[in-house]
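One letter stands for each residue in the lines below.
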Amino acid sequence: MWAAGAPGFGSAIAQGHVEAPDAEMPGFGRGFTARMPALLGYSGGPVVDASGRLMGLTAALPNPGAAGALALLTGADLDGLARRDRQVFVLGIRRAEAEALRLLGRTAA
């Protein structure tokens, strides 16, 4: 699978694999976790499978550790640039669609 993002530094495309196909993250909902070198700045970006199907949206680092603080202080995701493998939570596309409809005040057809 691949994720696209808009990081300040580093690649805008990350390749990885599904680690846990069914996961839930408080504050985000259901989705899955993946292992990939996604940087801060990928949040909200698409995650697609090998066939190009949209699987979800990059949402968060489940265990950011010092990565978030370091990025805030330096303006760059130095932890992400140094690592080639990190756990990323991906909000499942159905959950993302439901949230988008909720924000628009609509319901699913």
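Everything below is about the structure shown above.
**Considerations on the environment of Ala 12**
Okay, so step 1: Following the sequence through the fold, Ala 12 ends up in the loop between strand S1 (2-4) and strand S2 (13-15).
Okay, so step 2: Sequence separation between Ala 12 and Gly 41 is 29 residues; the distance between their C-alpha atoms is 8.8 Å.
Okay, so step 3: Residues in contact with Ala 12, not counting those within four places in the same chain, are Ala 3, Ala 4, Gly 5, Pro 7 and Tyr 42.

**Some words on the packing of aromatic side chains**
Okay, so step 1: Applying the stated criterion across every chain, the model contains one aromatic pair.
Okay, so step 2: Both rings, one in Phe 28 and one in Phe 89, keep their centres 6.1 Å apart while their planes meet at 55°; by these two values the pair is tilted. Of the two residues, Phe 28 sits in the loop between strand S3 (17-25) and strand S4 (29-36) while Phe 89 sits in strand S7 (residues 86-92), which places them 61 residues apart along the sequence.
Okay, so step 3: Overall, Phe 28 belongs to the partly exposed group, its relative accessible area being 31%.
Okay, so step 4: You can call Phe 89 buried: its relative accessible area is 1%.

**Overview of the sheet that holds S3**
Okay, so step 1: Taking strand neighbours across the sheet as the criterion, the seven strands line up as S2-S1-S5-S6-S7-S4-S3 in an open arrangement whose pairing is antiparallel. At either margin of the open sheet sits one strand with a lone partner, and together these are S2 and S3. Taken pair by pair, the neighbouring strands of this sheet meet at an average axis angle of 35°, ignoring direction.
Okay, so step 2: As judged from the four bridges shared by strand S6 (residues 54-60) and S7, these two strands associate in the antiparallel manner. Across the sheet, the residue bridging to Ala 60 is Phe 89, located in S7.
Okay, so step 3: Helix-sheet contacts for helix H3 (residues 93-104) involve S4, S6 and S7, and the interaxial angle to S7 is about 55°.

**Quick look at the pattern of salt bridges**
Okay, so step 1: Tallied over the entire structure, the rule returns six salt bridges.
Okay, so step 2: The shortest N-O distance in the salt bridge between Asp 49 and Arg 53 comes to 2.7 Å.
Okay, so step 3: Owing to a relative accessible area of 12%, Asp 49 belongs among the buried residues under this scheme.
Okay, so step 4: Given the relative accessible area of 52%, Arg 53 is considered exposed.
Okay, so step 5: A salt bridge links Glu 99 to Arg 102; the nearest nitrogen and oxygen atoms lie 2.6 Å apart. Note that Glu 99 and Arg 102 are positioned in helix H3 at a spacing of three residues, about one turn of the helix.
Okay, so step 6: Look at Glu 99 and you get partly exposed, because its relative accessible area is 23%.
Okay, so step 7: Connected through shared salt-bridge partners, Asp 22, Glu 24 and Arg 30 make up one network.

Cut-offs and rules
- Residues numbered from 1 in each chain as written.
- Predicted model: local features only at pLDDT ≥ 70, side-chain atom pairs only at ≥ 80, totals over all residues.
- Heavy atoms only, no water.
- Helix = DSSP H or I, 4+ residues; strand = E, 2+ residues; numbered from the N terminus.
- Contact = heavy atoms within 4.5 Å.
- Phe/Tyr/Trp six-rings, centres within 6.5 Å; stacked < 30°, edge-to-face > 60°.
- Buried < 20%, exposed > 50% of the residue type's maximum accessible area, 1.4 Å probe, protein only.
- Pairing = 2+ DSSP bridges.
- Axes fitted to C-alpha atoms, helices over the stretch in contact; angles between N-to-C directions.
- Salt bridge = Lys/Arg side-chain N within 4 Å of Asp/Glu carboxyl O.

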